[in-house]
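# Notes for the structure review
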Amino acid sequence: MRAVTTSPSSPEPPPGGPALSVDVVLPCLDEASALPWVLRRIPPGWRALVVDNGSTDGSDRVAGELGATVVREARRGFGAACHAGLTAATAEFVCFCDCDASLDPADLVPFVDEIRSGAADLVLGRRRPRGRGAWPPHARAGNAALALLLRRRTGLRLRDLGPLRAARRAELLALGLADRRSGYPLEMVVRAADAGWRITEHDVPYTPRTGASKVTGTWRGTWHAVRDMSRVLREPSAREGVTP
């Protein structure tokens, strides 16, 4: 079950003014200490959708007090949180960003500009580590292996499958994303490629996260993520079996 709560302090568009054009989905699990920095970095006029995925540290309260719209997703899983945010979004453009202060949501501005101009349909951030421990070797190796498998599956020559990304909301919903675990980010790219989307990537700084990682911080977490994503890559293309 999912519930959406808008904090009384959430910014509202002026009467008669245009609706918010960009929603930023922030999947959240015990990120109370990182939220202040992350939410301060949301570009002016954009709406932050913090999707609380069962936090026990008061993340939902912190997010609401800082003016974010809080979405509660009871089903655990990174994909479940991301998709809950996508379905709760109302803006024309939707962005995704981790909620642990490892990525700067302000870096999404040129992503949205590129989509708005029609130069791309999906823009991804290629993580460039800054600081010791920002991207553990086992997590980087798993990402590189998946990027290679993605190239074989779709022909895309991407170097990263990171969480920082932007696209149009209606088009994302039309992809029919079904994974609700760690395979969600990769499924988005695979289905977008199958649909003929123009996909680009740009370098973004990647710094050590605040708090303990739930996925890439451990070998076990990385293994589960690679397993989920490998399952996505084994799915047949939506174009297979379709007669032109």
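Just so you know, these numbers come straight off a predicted model, no measurement behind them. (Residues numbered from 1 in each chain as written. Predicted model: local features only at pLDDT ≥ 70, side-chain atom pairs only at ≥ 80, totals over all residues. Heavy atoms only, no water.)

### So, the environment of S21
Relative to the helices and strands, S21 is located in the loop between β1 (2-6) and β2 (22-28). Judged by its relative accessible area of 28%, S21 is partly exposed. Residues S21 and G45 lie 24 residues apart in sequence; the distance between their C-alpha atoms is 8.0 Å. Apart from the residues within four sequence positions on either side, S21 is in contact with A91, E92, F93 and R116. (Helix = DSSP H or I, 4+ residues; strand = E, 2+ residues; numbered from the N terminus. Buried < 20%, exposed > 50% of the residue type's maximum accessible area, 1.4 Å probe, protein only. Contact = heavy atoms within 4.5 Å.)

### Points about empty space enclosed by the protein
Per the stated rule, a full pass over the model turns up one cavity of 30 Å³ or more. For the largest cavity, the calculated volume is near 60 Å³. Around the largest cavity sit V25, P27, F78, C82, F96, C97, D98, P163, R165, Y184, P185 and M188, which together line it. Considering each element in turn, the lining of the largest cavity owes the most residues, three residues, to helix α7 (residues 184-194). Across the lining of the largest cavity, the residue classes break down as 10 nonpolar, no polar and two charged. (1 Å grid on protein atoms, 1.4 Å probe; cavity = no way out; pocket = protein on both sides within 12 Å on 5 of 7 lines; lining within 4 Å. Points joined across faces, edges and corners; volume = space filled by probe spheres on them. Nonpolar A, V, L, I, M, F, W, Y, C, P; charged D, E, K, R; others polar.)

### Things to note about the pattern of salt bridges
With the rule as written, the count across this model stands at 12 salt bridges. In this structure, R168 engages E92 in a salt bridge whose closest nitrogen and oxygen atoms are separated by 3.3 Å. Taken as a pair, R168 in strand β7 (residues 165-168) and E92 in the loop between α3 (78-88) and β5 (93-96) lie far apart in primary sequence, 76 residues in all. Residue R168 is classed as partly exposed on the basis of its relative accessible area of 22%. Of the charged contacts, one joins D121 and R198 as a salt bridge, the two residues approaching to 2.9 Å between their closest N and O atoms. In this pair, D121 sits in the loop between α4 (109-116) and β6 (122-129) while R198 sits in the loop between α7 and β8 (199-206), placing the two residues 77 residues apart along the sequence. (Salt bridge = Lys/Arg side-chain N within 4 Å of Asp/Glu carboxyl O.)

### Notes on unusual backbone geometry
Even without a glycine there, the phi angle at D30 is positive, about 55°. Within the secondary structure, D30 is located in the loop between β2 and α1 (35-40). Despite not being glycine, A101 has its phi angle at roughly 70°, a positive value. Looking at where A101 falls in the secondary structure, it is placed in the loop between β5 and α4. We classify A101 as buried; its relative accessible area is 11%.

### Considering α4
Of the positions making up α4, those classed as buried are F111, V112, E114 and I115. Relative to the axis of α4, the buried residues are bounded by an arc of 160° and lie together on one face. Once α4 finishes, G118 follows within two positions and takes phi at roughly 90°, a positive value. (Arc of directions from axis to C-beta.)

### As for the packing of helix α5 (residues 137-154) against α7
Between α5 and α7, the least distance of the axes is 11 Å, while the angle of their chain directions is 20°. Our classification of the angle between α5 and α7 gives roughly parallel. Considering only the axes of α5 and α7, their crossing is right-handed. Facing L146, L150, R153 and T154 of α5, the residues of α7 in contact are L186, V189, V190, A193 and D194. Along the lines of polarity and charge, the residues of the contact of α5 with α7 split into six nonpolar, one polar and two charged. (Axes fitted to C-alpha atoms, helices over the stretch in contact; angles between N-to-C directions. Parallel < 35°, antiparallel > 145°, perpendicular 65-115°, else oblique. Left-handed = near helix turned anticlockwise from the far one by under 90°.)

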